[in-house]
Amino acid sequence: MSELWDQARAGDIRSLAKAITAVEAASGLGILAAAYPDAGSAHIIGVTGAPGAGKSTLVDRLITVARAADKRVAVIAVDPSSPFTGGAILGDRVRMQDHIDDPDVYIRSLANRGHLGGISAATPKAAALVAAAGFDPVIIETVGVGQAEVGITERADTTIVVVNPGWGDSVQASKAGLLEIGDVFVVNKADRPGVDETVRDLRQMLELGRALQWTPPIVTAVATEGSGVDEVWAAIEAHKLHLHDSGRIDERRAVRAAAELHDAVEVSVRRSVESRLAVESVLDEVVSRRLDPWTAASRLVDLDG
Ligand SMILES: Nc1nc2c(ncn2[C@@H]2O[C@H](COP(=O)(O)OP(=O)(O)OP(=O)(O)O)[C@@H](O)[C@H]2O)c(=O)[nH]1
Ligand SMILES: [Mg+2]
């Protein structure tokens, strides 16, 4: 395992892919332990928005801009779990194909299975590994359709919310909890009607919502044509500068560390309890009312020692 990680860190992409598979499968704790100390400096960019808003197309364009600035870029795409969008994994690969032969670009799709409140539990692990392997920035694409799903991008350093022009899109974004978490807003598909109204709606809602040290810029883009993408990148860089100048980067990362610890504990406890439930007769005792569920629970998680 440690040999695998040494190779990954030395730049071997196949080893990195294997290492991510290992940590995704809940083995590979040793890899995480080795990687974590080096995972703290990469800038994490979250890209979220409704299904089909153009997130992958935008990310593909952002990779090109980042490469021009000589950055090594990793992308983690978290697929929606809906069977109706089962083609998403392939779709992301096809869309980001331009970069497939570039050793300084690493793209990984993670299934949303085994999720925790809509968040793939594997996402922060994969992000830690690619960051420790020297990729910076790390871009995480995830579908934001409800409060639970926005969780992962909330833990990014810079969160991009992608919306489309048209009546009600900004209202939908608001309902999904996206307005609170956006550091940069992108009105993508600006080749369609209703751009000005959407920008105005967004600006109004953002002004209502919060008093801020950082005013989230609203950028219009046509990702398919690459227009507006330089402006999106500039907004990301400006936000990054703001975080570092103000010292808020440390706060964000402390909050993120706490959230990751919280999630990891939840997953570990659940796993250990479920494995005990599988072998012990506790459930039978509860079913036959010889034991109540609450006492059973406290015994299962060892609250009494
Ligand atoms: N007209 C227009 N179409 C766009 C634009 N950007 C993306 N699209 C198209 O919108 C569709 C969805 O784009 P994706 O990049 O896959 O969107 P996504 O948000 O990643 O989608 P999911 O990952 O499935 O949620 C594709 O057919 C794109 O070609 C744009 O600026 N204008
Ligand atoms: Mg996508």
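Student: Just to check I follow, could you spell out the packing of aromatic side chains for this structure?
Tutor: Both the distance between ring centres and the angle between the ring planes are used here to describe each pair of aromatic rings. Inspection of every chain in the model, using the stated rule, returns one aromatic pair. Here the aromatic rings of Tyr106 and Phe135 are separated by 6.3 Å at their centres, their planes lie at 40°, and the arrangement is tilted. A residue pair is termed long-range when its members are at least 10 positions apart, and Tyr106 in strand β3 (residues 105-110) and Phe135 in the loop between α6 (122-132) and β6 (138-143) qualify at 29 residues. Relative accessible area serves as the criterion here: at 6%, Tyr106 is assigned to the buried category. Exposure remark for Phe135: the relative accessible area of 1% places this residue in the buried category.

Student: Where do I start with the packing of helix α11 (residues 229-246) against helix α12 (residues 248-279) in this structure?
Tutor: For any two helices packed against each other, the geometry is given by the interaxial angle and the distance between the axes. Two elements in contact, α11 and α12, have axes whose closest approach is 5 Å; the angle formed by their N-to-C orientations is 95°. Our classification of the angle between α11 and α12 gives roughly perpendicular. Contact residues: His239, His242, Leu243, His244 and Ser246 in α11; Arg248, Ile249 and Arg252 in α12. A breakdown of the residues in the contact of α11 with α12 according to their chemical character gives two nonpolar, four polar and two charged.

Student: Could you clarify how one ought to interpret helix α2 (residues 13-24) in this entry?
Tutor: Every α-helix winds through 3.6 residues per turn, so residues three or four apart in the chain are directed the same way. The terminal C-alpha atoms of α2 lie 16 Å apart, and with 12 residues this matches the ideal 16 Å at 1.5 Å per residue to within 8%. Within α2, the full set of buried residues consists of Ser15, Leu16, Ala19, Ile20, Ala22 and Val23. Taken down its axis, α2 places every buried residue within 160° of arc, on the same side. Two residues or fewer past α2, Ala26 is found with a positive phi of approximately 70°.

Student: Explanation requested: the nonpolar core in the structure shown.
Tutor: It is characteristic of soluble globular proteins that their nonpolar side chains tend to be buried jointly. Core analysis: the largest hydrophobic core is formed by 32 residues, its most contacted members being Trp5, Leu16, Leu129, Val130 and Val138. Those elements that provide at least two residues to this core are α1 (2-9), α2, α3 (29-35), β2 (73-78), β3, α6 and β6. Of all the elements, α6 adds the most residues to this core, at eight residues. When we break this core down by domain, the ones giving at least three residues each are domain 1 (1-38) and domain 2 (39-246).

Student: What am I meant to see in empty space enclosed by the protein here?
Tutor: To locate leftover empty space, one rolls a probe as large as a water molecule over the atoms. The tally for this structure, following the rule as stated, stands at one cavity of 30 Å³ or more. Taken together, His43, Ile45, Lys71, Asp136, Pro137, Trp233, Ile236, Glu237 and Lys240 make up the lining of the largest cavity. For the lining of the largest cavity, the element with the most residues is α11, which contributes four residues. Taken together, the residues of the lining of the largest cavity sort by class into four nonpolar, one polar and four charged.

Student: What should I look at first to understand the sheet that holds strand β7 (residues 158-163) in this one?
Tutor: In a beta sheet, neighbouring strands are held together by backbone hydrogen bonds and run either parallel or antiparallel to one another. If you walk across this open sheet you meet the seven strands as β3-β2-β6-β1-β7-β8-β9, and the pairing is parallel. Each edge of the open sheet carries a strand with a single partner, namely β3 and β9 (218-221). Pairwise comparison of adjacent strand axes, ignoring direction, gives a mean angle of 20° for this sheet. With respect to the sheet, helix α4 (residues 55-68) is in contact with β1 (44-49), β2, β3, β6, β7 and β8 (184-188), its orientation differing from that of β6 by roughly 175°.

Student: How should I be thinking about the packing of α4 against α11 in this particular structure?
Tutor: Closest axis-to-axis distance for the α4/α11 pair is 10 Å, and the angle between their directions is 70°. Judged by the angle between their axes, α4 and α11 are roughly perpendicular. Contacts from Leu58, Arg61, Leu62, Val65 and Ala66 of α4 reach α11 at Val229, Asp230, Val232, Trp233 and Ile236. The class makeup of the residues in the contact of α4 with α11 is eight nonpolar, no polar and two charged.

Student: I would appreciate a short explanation of the coordination of the magnesium ion (ligand 2) in the present structure.
Tutor: In ideal tetrahedral geometry, four donors around a metal make angles of 109.5 degrees, whereas ideal octahedral geometry with six donors gives angles of 90 or 180 degrees. Ligation of the magnesium ion (ligand 2) by protein atoms is provided by Ser56 (OG) and Glu141 (OE), these donors lying 2.1 to 2.2 Å from the ion. Taken together, the residues span a long stretch of sequence, with Ser56 in helix α4 and Glu141 in strand β6 at a distance of 85 residues. Here the two residues Ser56 and Glu141 agree in accessibility, since each one is buried.

Parameters at a glance
Residues numbered from 1 in each chain as written. Chains lettered and ligands numbered in written order. Predicted model: local features only at pLDDT ≥ 70, side-chain atom pairs only at ≥ 80, totals over all residues. Heavy atoms only, no water. Phe/Tyr/Trp six-rings, centres within 6.5 Å; stacked < 30°, edge-to-face > 60°. Helix = DSSP H or I, 4+ residues; strand = E, 2+ residues; numbered from the N terminus. Buried < 20%, exposed > 50% of the residue type's maximum accessible area, 1.4 Å probe, protein only. Axes fitted to C-alpha atoms, helices over the stretch in contact; angles between N-to-C directions. Parallel < 35°, antiparallel > 145°, perpendicular 65-115°, else oblique. Contact = heavy atoms within 4.5 Å. Nonpolar A, V, L, I, M, F, W, Y, C, P; charged D, E, K, R; others polar. Expected span 1.5 Å × (residues − 1). Arc of directions from axis to C-beta. Core = buried A, V, L, I, M, F, W, Y, C linked by side-chain atoms within 4.5 Å. Domains from an automatic or database assignment. 1 Å grid on protein atoms, 1.4 Å probe; cavity = no way out; pocket = protein on both sides within 12 Å on 5 of 7 lines; lining within 4 Å. Points joined across faces, edges and corners; volume = space filled by probe spheres on them. Pairing = 2+ DSSP bridges. Donors = N, O, S within 2.8 Å, 3.2 Å for Na, K, Ca; no water.

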